[in-house]
Amino acid sequence: MTFAENSQLATIGNYAFAGNSSNYMQFTSVEIPASVTSIGNYAFQYCTKLEELTFAENSQLASIGQYSFQNCTSLTNIELPSTLTSISGYAFYNCTKLLSIRSFAESVPA
């Protein structure tokens, strides 16, 4: 899934792309625009085909909501931006192929 170049999207809301495993909408990669500051609860829940999650250069992401990527069973690696200050409970729950989460933050987000 690709957002418009120079997107000004500030928030990916609760349940925005949840249940993506249906035949009509199966994206395998998402690049979160630099302007996004928060990803809501359950935003990508059950996006079972999602393999790659990246963040645009100069990302302003500050928070990831609870269960945001629950059951994204194809995700393998994620590199979180340094601006991230909060990851809510179970954000990556049951991401069974997730091998690594790398953060560039100076401290570990709570």
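Numbering of residues begins from 1 in every chain and follows the order in which that chain's sequence is written. Side-chain atom pairs in this predicted model are given and counted only at pLDDT of 80 or more, local residue features only at pLDDT of at least 70, and totals for whole chains, interfaces and linings cover all residues. Side-chain metrics in this entry use all non-hydrogen atoms of the structure; hydrogen atoms and water are not considered.

Draft legend 1. Just the overall build of the chain, in detail. Strands are runs of DSSP state E lasting at least two residues, helices are runs of H or I lasting at least four, and both sets are numbered from the N terminus onward. When its secondary structure is counted, the chain shows zero helices and eight strands. Listing the helices and strands of the chain from first to last along the sequence gives β-β-β-β-β-β-β-β. When accessible area is computed with a 1.4 Å probe and restricted to protein chains, residues below 20% of their type maximum are described as buried, those above 50% as exposed, and intermediate ones as partly exposed. For the chain, the residues scored as buried account for 38% of the 110 residues in total. Summarising the internal contacts of the chain: among those between residues at least 6 apart in sequence, 53% fall at separations of at least 24. Carbon together with sulfur atoms contributes 46% to the accessible area of the chain, which is approximately 6,100 Å² in total. When checking whether two residues touch, look at their non-hydrogen atoms; a contact exists if any pair is within 4.5 Å. Each accessible area is a Shrake-Rupley result for a 1.4 Å probe, and residues are judged covered by the shown protein chains and nothing else.

Draft legend 2. How the structure looks around the pattern of salt bridges. One side-chain nitrogen of Lys or Arg within 4 Å of one carboxyl oxygen of Asp or Glu is enough to make a salt bridge. In total, this model carries one salt bridge according to the counting rule given. The shortest N-O distance in the salt bridge between Arg-102 and Glu-79 comes to 3.9 Å. In this pair, Arg-102 is assigned in strand S8 (residues 100-103) and Glu-79 in strand S6 (residues 77-80), connecting sequence segments 23 residues apart. Among the residues examined, Arg-102 registers a relative accessible area of 47% and is labelled partly exposed. The class for Glu-79 is partly exposed, based on a relative accessible area of 45%.

Draft legend 3. Examining the confidence of the model for the chain more closely. Known as pLDDT, the predictor's per-residue confidence is scaled from 0 to 100. Mean pLDDT over the chain: 90, with 89% of residues reaching 70 or higher. Here S8 is the element of the chain with the lowest mean pLDDT, 85, and strand S3 (residues 38-39) is the one with the highest, 98.

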